[in-house]
Amino acid sequence: MKRIALLGATGSIGRQALEIIEAHPALELCAAASGSQPIDGLAPITQAGGDLTELLERAEPDLVLNAVIGFAGLPATLWALERGVDLALANKESLVAAGELALAAQRRGGGRLIPVDSEHSGALQCLEGRPAAQVHSLVLTASGGPFRGRVREELEDVTPSAALAHPTWNMGPKITVDSATLANKGLELIEAHFLFSLPYEQIEVVVHPTSVVHALVRFRDGATLAHLGYPDMRVPISYALTYPERSVTPIRPLDLAGGMTLEFGPPDVETFPLLAYARSAGERGGTYPCAFNAANEVAVAAFLAGRLPFLGIADVVAEALAAADGSAARDLDDLVAADEEARRHVEETLKVA
Ligand SMILES: NC(=O)c1ccc[n+]([C@@H]2O[C@H](COP(=O)([O-])OP(=O)(O)OC[C@H]3O[C@@H](n4cnc5c(N)ncnc54)[C@H](OP(=O)(O)O)[C@@H]3O)[C@@H](O)[C@H]2O)c1
């Protein structure tokens, strides 16, 4: 029996994870947490809000599935990595903000870090067991979101409900807006850099509207391996929970004979500059990715609350990055300080606007 602590149990990933755990005889839910929604009785140990590491200490899980949204997931990520408890990571924000600290914690702890993001799950399956020297580049695919093909002028008045209408994935509100701005792909770029120890110049993002190909790896001999499947998060969730095994899921096999075309193109970083800002923050390193993430979190919340126009999200993130000092974090306190500074900067900008 693998004992699983599920953090973010009431969210989009959390609910799908519950379905996978329930259907699998060798997976047992030993603890569950939400941010504020009551979840009494969902698992032997539950917690709504508060310090997630206290729940984890009590639960002593074999694996933590971190499906919390945003920077709030960071202490749980570090807890699992430091103790060598396997971590299935949906909460990409924690790895983006704390990349170096998280990897150092993993080296000390010795546990597994298994991505839940579909692109990174696919990339892991293409890369695993292959020497880095054979890898030419990793390609992450982006659906392009609901505004793919539009130019800036056409995005001036878009509403939160338009941004929340994602064409291929059914996800929580924050990541759905991130998909519309391409910030999500920027976060994933940084996540991939840390997960697979690849320099940024070896990671490319392409737009692939139907989200059937999740990731591709090009090798030095000219061969390319790709990971394909219908866009359904239950597949990478199941893979992360049962890794390195593969279990049966309710997802149907890919139907190729029924007709399928695969379309790819470059991302439009003029219209969706957050992808370029994320790449630049990642390349600069230090706490720039942490600042990018924090500023984006506040900006997305402001957009959803009607306090900021869609195009304003990228503008305030750019300003926060310009104001950030970016120096490397020695510990969690430094990261929290960098996170708070970027949040404060965006809040100040919002007050003035
Ligand atoms: N959804 C997807 O398909 C998808 C795909 C790839 C990656 N991801 C990543 O997975 C993570 C979760 O995304 P989601 O779409 O599932 O988000 P979501 O639907 O908004 O759910 C967020 C979950 O986090 C909980 N939460 C919020 N603040 C918390 C806190 N301080 N402590 C404990 N729990 C807290 C929420 O609890 P309450 O309900 O009580 O607020 C909820 O259970 C994100 O990092 C996202 O980038 C998601």
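Residues numbered from 1 in each chain as written. Predicted model: local features only at pLDDT ≥ 70, side-chain atom pairs only at ≥ 80, totals over all residues. Heavy atoms only, no water.

Draft legend 1. Representation of the site of the ligand in the model. Inspection of the region around the ligand gives 25 residues, with Thr 10, Gly 35, Ser 36, Gln 37 and Glu 93 positioned closest. A distance of 2.7 Å separates an oxygen atom of the ligand from a polar atom in the backbone of Ser 36. Contacts to the ligand include Val 68, whose backbone N or O atom sits 3.5 Å from an oxygen atom. Notes on the ligand: free accessible area 900 Å², of which the protein chains cover 85%. The set of elements that each furnish at least two residues to the shell around the ligand consists of helix H1 (12-23), helix H4 (92-109) and helix H7 (173-181). Its residues assigned to classes, the shell around the ligand shows twelve nonpolar, ten polar and three charged. Taken together, domain 1 (2-116) and domain 2 (117-269) each give at least three residues to the shell around the ligand, which thus spans both. (Near = heavy atom within 4 Å. Polar contact = N/O pair within 3.5 Å; in protein donor to acceptor, adjacent residues only side chain to side chain. Areas by Shrake-Rupley, 256 points an atom, 1.4 Å probe, with all protein chains shown as cover. Helix = DSSP H or I, 4+ residues; strand = E, 2+ residues; numbered from the N terminus. Nonpolar A, V, L, I, M, F, W, Y, C, P; charged D, E, K, R; others polar. Domains from an automatic or database assignment.)

Draft legend 2. Examining the domain arrangement of the protein chain more closely. The domain boundaries assigned to the protein chain delineate domain 1 (2-116), domain 2 (117-269) and domain 3 (285-353). Distance between the C-alpha centres of domain 2 and domain 3: 25 Å. In this assembly, 18 residues from domain 2 lie in contact with 13 residues from domain 3. A combined buried area of about 1300 Å² lies between domain 2 and domain 3, and 79% of that area is made up of carbon and sulfur atoms. At the surface where domain 2 touches domain 3, the tally comes to zero salt bridges. The interface formed by domain 2 and domain 3 holds one residue pair in polar contact (both at pLDDT 80 or more) in total. Breaking the side of domain 2 that touches domain 3 down by element, the ones donating at least two residues are helix H6 (160-163), H7 and helix H8 (183-196). Per element, the largest residue contribution to the side of domain 2 that touches domain 3 is six residues, and it comes from H7. Tallied by class, the residues present in the side of domain 2 that touches domain 3 amount to twelve nonpolar, two polar and four charged. (Contact = heavy atoms within 4.5 Å. Buried area = accessible area lost by both parts, 1.4 Å probe. Salt bridge = Lys/Arg side-chain N within 4 Å of Asp/Glu carboxyl O.)

Draft legend 3. The arrangement of the packing of helix H2 (residues 52-59) against helix H3 (residues 74-83) in detail. Where H2 meets H3, the axes come as close as 8 Å, and the angle between the chain directions of the two elements is 35°. The element H2 and its partner H3 pack so that their crossing is right-handed. Contacts from Leu 52, Thr 53, Leu 56 and Glu 57 in H2 reach Pro 75, Ala 76, Trp 79 and Arg 83 in H3. Class assignment for the residues of the contact of H2 with H3 results in five nonpolar, one polar and two charged. (Axes fitted to C-alpha atoms, helices over the stretch in contact; angles between N-to-C directions. Left-handed = near helix turned anticlockwise from the far one by under 90°.)

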